[in-house]
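The residues making up each chain are set out below.
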Amino acid sequence: MDHSHLAANWADVRHRVDEACRAAGRDPSEVSILPVSKTFDAAVVRAAVALGLHRFGENKVQEIRDKSGPLADCGISWVVIGHLQTNKAKDVARLASEVQSLDRMDLAEALHRRLQLEGRGLDVLVQVKTASEESKHGLAPVELPSFLDELARYDTLHVRGLMTLATQSEDPAEVRACFRQLRDLRDAAQARGHVLPRLSMGMSGDFPLAIAEGATEVRIGSAIFGRRAAAGAV
Ligand SMILES: *Cc1c(COP(=O)(O)O)cnc(C)c1O
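Fair warning: this is a prediction, and the values are worked out from it, not measured in the lab.

### Structural notes on the site of the ligand
Phase 1 of the analysis: The environment of the ligand is made up of 11 residues, and the closest members are Lys38, Ser204, Gly221, Ser222 and Arg228.
Phase 2 of the analysis: A distance of 2.8 Å separates an oxygen atom of the ligand from a polar atom in the backbone of Gly221.
Phase 3 of the analysis: Separating an oxygen atom of the ligand from a side-chain N or O atom of Arg228 is a distance of 2.8 Å.
Phase 4 of the analysis: Expressed as a share of its isolated accessible area of 390 Å², the protein-covered part of the ligand is 93%.

### Points about the pattern of salt bridges
Opposite charge on two side chains makes pairing possible when the charged atoms of those side chains draw close.
Phase 1 of the analysis: Enumeration according to the criterion identifies 24 salt bridges in this entry.
Phase 2 of the analysis: Glu109 is the salt-bridge partner of Arg113, the closest N and O atoms lying 3.5 Å from each other. In this pair, Arg113 and Glu109 both sit in helix H5 (residues 105–118), four residues apart, roughly one turn of the helix.
Phase 3 of the analysis: A residue is classified by how much of its surface remains accessible, and Arg113, at 47% relative accessible area, is partly exposed.
Phase 4 of the analysis: On the basis of relative accessibility, which here comes to 30%, the residue Glu109 falls in the partly exposed class.
Phase 5 of the analysis: For the salt bridge of Arg153 with Glu150, the shortest nitrogen-to-oxygen distance reads 3.8 Å.
Phase 6 of the analysis: Judged by its relative accessible area of 32%, Glu150 falls in the partly exposed class.

### Some remarks on the packing of aromatic side chains
Phase 1 of the analysis: Across all of its chains, the model carries two aromatic pairs by this definition.
Phase 2 of the analysis: On the basis of an interplanar angle of 25° and a centroid distance of 5.5 Å, the ring pair of Phe40 and Phe225 is categorised as stacked. Remark: Phe225 occurs in helix H9 (residues 222–225) and Phe40 occurs in the loop between strand S1 (32–35) and helix H2 (42–49); sequence separation between them is 185 residues.
Phase 3 of the analysis: With a centroid separation of 6.2 Å and 45° between ring planes, the pair formed by Phe56 and Trp78 is classed as tilted.

Rules used throughout
Residues numbered from 1 in each chain as written. Predicted model: local features only at pLDDT ≥ 70, side-chain atom pairs only at ≥ 80, totals over all residues. Heavy atoms only, no water. Near = heavy atom within 4 Å. Polar contact = N/O pair within 3.5 Å; in protein donor to acceptor, adjacent residues only side chain to side chain. Areas by Shrake-Rupley, 256 points an atom, 1.4 Å probe, with all protein chains shown as cover. Salt bridge = Lys/Arg side-chain N within 4 Å of Asp/Glu carboxyl O. Helix = DSSP H or I, 4+ residues; strand = E, 2+ residues; numbered from the N terminus. Buried < 20%, exposed > 50% of the residue type's maximum accessible area, 1.4 Å probe, protein only. Phe/Tyr/Trp six-rings, centres within 6.5 Å; stacked < 30°, edge-to-face > 60°.

Distances and angles like these do not, on their own, reveal function.
Spelled out as structure tokens, the structure:
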């Protein structure tokens, strides 16, 4: 397989992220890119590793299982960004370096128990539902304060910030409102003493708006790897 498009796509995405930072009056070093490799196989990920990428987002734990074996020599940090069932906690505790889709207490409990057995900790972001679509996962915004307070009892879970998916809309104002809400929730939580430096928001189609609203990390799949087969689409 020829993976030469990856280098050009990666350079283009990095350039567009830098441009969005400048347009927003932000320093490009404040915004990192999480390449989302879901549905692309280990050979493609290996080609991305050759470009210097070492963190990859996946929305299914099964895909991390499938790819982590053949890529064991690559030193990859796997980041879970998709809805997570508690029965996957064991694999997550073994294989993932981070979970960005923590959205409920029974999942926190399950991860904590498995992490204790593994003797390790995990960086987590709390996924908040800012979009109106029924299909989007995430904690209800009103529940965030008490959720953050309760998470403090799990010393294996290192809470670093918040994550969201914006509404799919033709209207940029609607999309931007989702990102702004996440930032406002973060600011309010920080005012209450939580330390939440990271905001993971923005994807291939909407990352400039997310950067304008304070994203510290954008999750980019198709703009780097190309179109996904329909079966893998979210
Ligand atoms: C697939 C996915 C992305 C990346 O989407 P693209 O539009 O391909 O950039 C980002 N975040 C989550 C949670 C995803 O599932």
